[in-house]
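Structural description and commentary
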Amino acid sequence: MHAWGDGALNAAGDWRYKGEGASNVVLDYRGSDSQLLGTVLRIRKAPLRENGGGCAPVLSDLERNLWKDWPAVASSSNEEELRHVYVRDVMRPLLGEDYVDSGVIVPVSRKFLEDVSQHIRANRPAWRAEEADLDFSSKNVLAVCDHTLFPGLFHCLVFDLESSKCTISFPGVRANESDSPTLSIEIKPKWGYLPQSDAISTENHVKKVVSRFAMHQLLKFVQGKIRSSSSYCPLDLFSGTRDGIIKALNALFKSPQNNLRVFKDGNRIFTGSVDGAQDSTDSSASRDLLERSLVDFTDSVTGQRLDVLEKLIAEILHSSETLRKLLQTQQLDSLDIEGVIHLYYSFVGLHCPECGSDKTGCSIDSDVDKRSVLFASHHSMPADEQRRNLCKFLIAATAKDCSLMVTLKPLDDSIVASSVTRSIISCPTTGRSYVYKISFLDLDLKRLDKIPHYFRLDQSIVKFYAEHTT
């Protein structure tokens, strides 16, 4: 048993910068404690102007009411606890216990956070470092398994709530540190369906026939955020067919942007953009480098390795329930943001600028159309039903923005796999066998007060696409 509270997070130099997003910095362990190998930390960031200024309540009164069906979420006292219990209690039952790691909460000192900040400063993108640093007021961080790896002993983190200690569990698969490489493919699937809600206006009908991803690509291109539009279509990935999945993967490898990353033994070797910056790599040259890096991963000859990898991933995803579960979770949003925005203003008790109503309902004259009646029903919907629909929308928003990681390792004589036959697959092209796992990442809770932003972004994307394609 490894007790995280007993000085495990004293040596900042044992942790290496792995990456970061808008809210968190991710570190992986590179020290000598064998029980921590294959572990990463998610450390909350704070804007530089706010750092050290104390923390606002983690959830507002409205949000605590919103999430009251999940008491542990509603009563969370800090961001790390909120992320942990939201993933554990809300997302894990929907996406599958085998695919979701809710992590463990680990106490941390301010000195450790300050030391880590100094230690990783040179590795962070300059534009990220100028915006935010680690949140030095944090009392805890979140530890999760590094899903880009199969450690020397495949392990998982188990947390004992009563003792507040973490156990490293080893469920029966052994591998030598010097054996075959581990390859991880991280995909950001995005929206896998076309919304069909009656709340969608006639002017925005294009939403029902063109994927959100394709529409957003055009806006990003004109804004200079991407150099070229991707041919990737999430509808292909979620098609339920091998050919559709292969088509999606092929498009992602040709134009990965920030929707595809590949890691080898925990180190990123292929991506289209670095931590959210504009895609800056030559995709053809990058694919050639990736092809060469696969020499010890597949038995295929040069020029065919990437094709074999795509087919292998497609076979894994096609035979798995993960994409189906993810799509079902995304489709919890049945009203679309054009309907949800009315629920939001009623729930928070504000005048609705989209239809001129207050919390008591829309003003309807004798010449109303079907959508006006629909929105009036949204505003007059019982408060508890409004609350449940808002929860569904925010849960679906998490599913639309999460990542899916497939991690593979070639089977050879150094691996004993007697207890994981369900996680072994043979390559349909070469016949070589691989042990694999699938993991969902980036399952953070989406905040209630972001709904007006989601509405404005949606309208901007659709309006821009309609104006520039007609």
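Right above here is the structure, for reference.
The notes below deal with the structure included here. Predicted, not measured: the structure shown is a model, and the values here were computed from it.

1. Focus: the overall build of the protein chain
In terms of regular secondary structure, the protein chain is built from 15 helices and 14 strands. Counting every position in the protein chain, which comprises 470 residues, the buried fraction comes to 53%. Taking contacts inside the protein chain between residues at least 6 apart in sequence as the whole, the part at least 24 apart equals 69%.

2. Structural notes on the pattern of salt bridges
Per the stated rule, a full pass over the model turns up 35 salt bridges. Note that Asp444 is salt-bridged to Arg83, the shortest N-O span being 3.2 Å. Of this pair, Asp444 sits in the loop between strand S14 (433–441) and helix H15 (451–468) while Arg83 is found in helix H3 (residues 79–95), placing the two residues 361 residues apart along the sequence. Between Arg387 and Asp384 there is a salt bridge, with the nearest N and O atoms lying 3.0 Å from each other. You can see Arg387 and its partner Asp384 sitting in helix H14 (residues 383–401), three residues apart, about one turn around the helix. Among the residues examined, Arg387 registers a relative accessible area of 2% and is labelled buried. Residue Asp384 is classed as partly exposed on the basis of its relative accessible area, which comes to 33%. Ionic contacts of the salt-bridge type, sharing partners, join the residues Arg16, Lys18, Asp28, Arg30 and Asp146 into one network.

3. Concerning the environment of Lys190
Take Lys190: it is sitting in the loop between strand S9 (183–187) and helix H6 (212–223). In this structure, the C-alpha to C-alpha distance between Lys190 and Leu327, residues 137 residues apart in sequence, is 9.8 Å. If near-sequence neighbours (up to four positions away) are discounted, Lys190 is found in contact with Phe213, Pro234, Phe238, Asn259, Gln330, Lys400 and Asp401.

4. Thoughts on H3
An α-helix turns once per 3.6 residues; consequently, residues spaced three or four apart project the same way. The sharpest bend along H3 reaches about 35° and sits at Val87. Those residues of H3 not exposed but buried are Glu80, Leu82, Arg83, His84, Val85, Tyr86, Val87, Val90, Met91 and Leu95. The backbone nitrogen of Glu80 lies 3.2 Å from a side-chain oxygen of the residue at the head of H3, namely Asn78. Positive phi appears at Gly96, one or two residues downstream of H3, with a value of about 110°.

How each quantity is defined
Residues numbered from 1 in each chain as written. Predicted model: local features only at pLDDT ≥ 70, side-chain atom pairs only at ≥ 80, totals over all residues. Heavy atoms only, no water. Helix = DSSP H or I, 4+ residues; strand = E, 2+ residues; numbered from the N terminus. Buried < 20%, exposed > 50% of the residue type's maximum accessible area, 1.4 Å probe, protein only. Contact = heavy atoms within 4.5 Å. Salt bridge = Lys/Arg side-chain N within 4 Å of Asp/Glu carboxyl O. Bend = angle between axes of the 7 residues up to and from the residue. Polar contact = N/O pair within 3.5 Å; in protein donor to acceptor, adjacent residues only side chain to side chain.

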